[in-house]
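One-letter residues, chain by chain:
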Amino acid sequence: MLYTIETITECIGARRVGTHEATIDWLLTDSRSLSFPEETLFFALTTKRNKGARYIPELYERGVRNFVVTQEEFNELTVDNGQLTIAMQHAGSAATVNCQLSTVNFLIVGNPLKALQKLAELHRERFQIPVIGITGSNGKTIVKEWLHQLLSLDRVIVRSPRSYNSQIGVPLSVWQMNEEAELAIFEAGISEMGEMRALQNMIKPTIGILTNIGGAHQENFFSLQEKCMEKLSLFKNCDVVIYNADNELISNCVSKSMLTAREIAWSCRDAERPLYISRVVKKEDHTVISYRYLEMDNTFCIPFIDDASIENSLNCLAACLYLMMPADQITERMVRLEPVAMRLEVKEGKHGCVLINDSYNSDLASLDIALDFLVRRSEVKGKGMKRTLILSDILETGQSTTTLYRKVAQLVQSRGIDKIIGVGPEIFSSAARFEIEKYFFHTTEELMESDVFQNLHDEVILIKGSRAFNFDLVSDRLELKVHETILEVNLGAMVANLNHYRSMLQPATKMVCMVKASAYGAGSYEIAKTLQEHQVDYLAVAVADEGAELRKAGITSSIMIMDPELTAFKTMFDYKLEPEVYNFHLLDALVKAAEKEGITNFPVHIKLDTGMHRLGFSEEEVPVLIRRLKNQNALIPRSVFSHFVGSDSPQFDVFTRGQIEIFERASKELQAAFPHKILRHICNTAGIERFPDAQFDMVRLGIGLYGVSPIDNSIINNVSTLKTTILQIRDVPAEDTVGYSRKGHLTRASRIAAIPIGYADGLNRHLGCGHAYCMVNGKKAPYVGNICMDVCMIDVTDIDCQEGDAAIIFGDELPITVLSDTLDTIPYEILTSISTRVKRVYYQE
Ligand SMILES: *Cc1c(COP(=O)(O)O)cnc(C)c1O
């Protein structure tokens, strides 16, 4: 559905500068996601941490001609003789665009986000179809995807891509509605009061589902009730509202909110409710659910046994009943529900390949997101490697084959994919549209038997298929299977932590992110790449080699070296790695080395000792330091900093205040001696939280980024999960012992499982002999006997489990702090002890 630029200008009440004739099909808010420049309208949004306007010159270069902007972003916007000049300033650098007035459109509005939302509202109004709006604390995406699985055989559905449910995600989702759509399903997520109104205006749901209410995103709400009421405001004009009547909070809020909608409240306790769940029976690997609706009794099964899945299925059931799906069809489809893979996983493949497996769903929007991910990953790990896409037919989109594959071919081309391998009759018949290296097969089996498949090597491969094509087989075959113990790293959670700490900063305060010690064990490339994408000001590593590795992998951010070795100056100069300088010996050696290379003004970071008594110049040494620095021009102090001794603990607050005072004085003295700005910084994670008045120009974020709060040892957003799989289970009689030195005494006949992780992987030996436990299928499994080098044993007598099941060493269900407390150490040590042979697997939700 194309809109002319005139229509859009009018709809969002913009002042238009430019006379370019354009029709718009794509809305863009993130410059990295650009694929169809000519038909794209870019909204320059200002968020807490970024300004979209700074990307305008780059986007203009790449062919974008239509922009929604606000006047404030420009220092200059002049029209002279058919020629338009715009200039903007950002973070010290200026950028200008010069162009013919007739080739562009700048739509000037007060607030580009509001304009984006307004446009979505207008678009929404053109459709009379049923729209399901889903909100709640958990399960939104799963309920949305399951409804799609249940309902899409009979109708064309438009739905939010992944979990696009925010103030920006919702308008982009709504924009996907088109003439073919017969039903739309959108998620709405909020994190503070008053946000739902804008989402309601855009989604205008006719069917409302409230999944549940929990503590997530609670920080900006006064109470759970307040949050629940806010969520319910999504349902203002709904025809029907679906919710769990057994949840008292929700039930009370629904009655209070005086919705005019019909209710399909479901209950396992109250037979008077519209949808009565009469029985829920969990079997080994499925759950049988019986219900009564409109006086009729029926039963269905789902292939899951966890409570969250049961709750999600009941919300789906209510929606299907409301849409008058016959009971036998519900039964038939519920049993085939599939787990929702919410992540794009990066795995190591055979023959030097990197695999990105996206079995989430298959449509144009998610293909676009996955391609974007592929391109960005291949900039890190797969530098110079071929970019390959294995793609099946995209089913159930409602678009004609011609239109669909024309768009796919364009996307693939614009994303710089080198090679496509298509599977399925439809994509096969569209082969001619692709103008890159290409191979096509009718079936997945045909693909897997082909030479093309056998010969994949040194490529970054995105595997994306509709469910019917069983691409799990494909990724399974391509995957390199090594040690079964992995550290899973949730990049999305890390970004959430980054933003959590950013929100505590003054707007102008810069940030260093500590990626030393292999990013606290999480793996430095991927972490650094993600941080770079999120525009942190500095990365910091311990030694020069770590920095050089990052540079070789394509990291261009500024990098600080915290422990510069005297032998590595050349590496630092070559890769522009900025060393910390902590004494005169190091300073002199650096100056000498730089002068020898003919280097001038190489940035360095001056460390002051304000109480740690580890490394650094003392306050008394500052005058001499100034003289030495002024006496040369090889180095230039870029920043001056110090490190807290005990900023996490109130016990040391007086001492910390003293450190701040010394730093204030000494750093001021240094600054006063130089005409250029020298950045001052002292706060680590705990400092950011507890000493907001000591932020100076910059802060250094470490452990908080990786999910652990240094203040109370609580987990912020868990980032890392160390997990393995059960190799073998055996029954051991009570009188026997388990493991070396017969340390594992049994008090009863037991089931003992062996898991392939030992102290050589970083599982501390002191956790053995029952001192700690891991989690198997949600239950605690204590370590039995001594932990061995590569293997250890756990007691699973009371746990329903089998060989091949996962064992979680730490993660969401078992915070790492439980282990560090047991060992009387700090989480830092556990994280950084995980050995390099444990494979890191990255994912993004
Ligand atoms: C490691 C380190 C930090 C980060 O400390 P956290 O407690 O992990 O936030 C900050 N500054 C310096 C100098 C460091 O070495």
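Keep in mind that this is a model prediction, so the values were computed, not measured. (Residues numbered from 1 in each chain as written. Predicted model: local features only at pLDDT ≥ 70, side-chain atom pairs only at ≥ 80, totals over all residues. Heavy atoms only, no water.)

Engineer: With reference to specific residues and values, describe the overall build of the chain.
Structural biologist: Helix and strand counts for the chain stand at 27 helices and 44 strands. The C-alpha radius of gyration computed for the chain amounts to 29 Å, which stays within 12% of the reference 28 Å derived for 845 residues, consistent with globular compactness. Oriented by its inertia axes, the alpha-carbon framework of the chain measures out at about 95 × 90 × 65 Å. Classification of the 845 residues of the chain by burial places 56% in the buried group. Nonlocal contacts in the chain, meaning residues at least 24 apart in sequence, comprise 66% of its contacts between residues at least 6 apart. Per element, the accessible surface of the chain, about 35,600 Å² overall, is 49% carbon and sulfur. (Helix = DSSP H or I, 4+ residues; strand = E, 2+ residues; numbered from the N terminus. Rg over C-alpha atoms; globule rule 2.2 N^0.38 Å. Buried < 20%, exposed > 50% of the residue type's maximum accessible area, 1.4 Å probe, protein only. Contact = heavy atoms within 4.5 Å. Areas by Shrake-Rupley, 256 points an atom, 1.4 Å probe, with all protein chains shown as cover.)

Engineer: Explain the UniProt feature "binding site: substrate" (unreviewed entry) in the chain residue by residue, including any values.
Structural biologist: In this structure's numbering, the residues bearing the UniProt feature "binding site: substrate" (unreviewed entry) are Arg614 and Met789. Annotated residues spanning 176 residues; largest pairwise C-alpha distance 34.3 Å, indicating distribution over more than one region. Counting through the fold element by element, Arg614 comes out in the loop between strand 31 (602–607) and helix 23 (622–630). Look past the residues within four positions of Arg614 in its chain and what remains in contact with it is Lys607, Asp609 and His643. Residue position: Met789 is located in the loop between strand 41 (779–784) and strand 42 (792–795). The class of Met789 is partly exposed, set by a relative accessible area of 43%. (UniProt positions renumbered as here; feature names shortened; annotations may be inferred.)

Engineer: Which residues make up the site of the ligand, and what values go with them?
Structural biologist: As a structural note, the neighbourhood of the ligand is formed by Met514, Lys516, Tyr520, Met562, His643, Asn684, Thr685, Arg700, Gly702, Ile703 and Tyr828. Between an oxygen atom of the ligand and a side-chain N or O atom of Thr685, the distance comes to 2.4 Å. One of the backbone N or O atoms of Ile703 is found 2.7 Å from an oxygen atom in the ligand. For the ligand, the accessible surface in isolation is 390 Å², of which the surrounding protein chains cover 91%. (Near = heavy atom within 4 Å. Polar contact = N/O pair within 3.5 Å; in protein donor to acceptor, adjacent residues only side chain to side chain.)

Engineer: How would you explain helix 6 (residues 196–203) if you had to name every residue and give the values?
Structural biologist: The element helix 6 is extensively covered by neighbouring structure, given that six of its eight residues are classed as buried. If you check which residues of helix 6 are buried, you get Met196, Ala198, Leu199, Gln200, Met202 and Ile203. Turning to helix 6, the residues buried within the fold contact helix 3 (112–125), strand 11 (131–135), helix 5 (169–174), strand 13 (183–187) and helix 7 (224–232).

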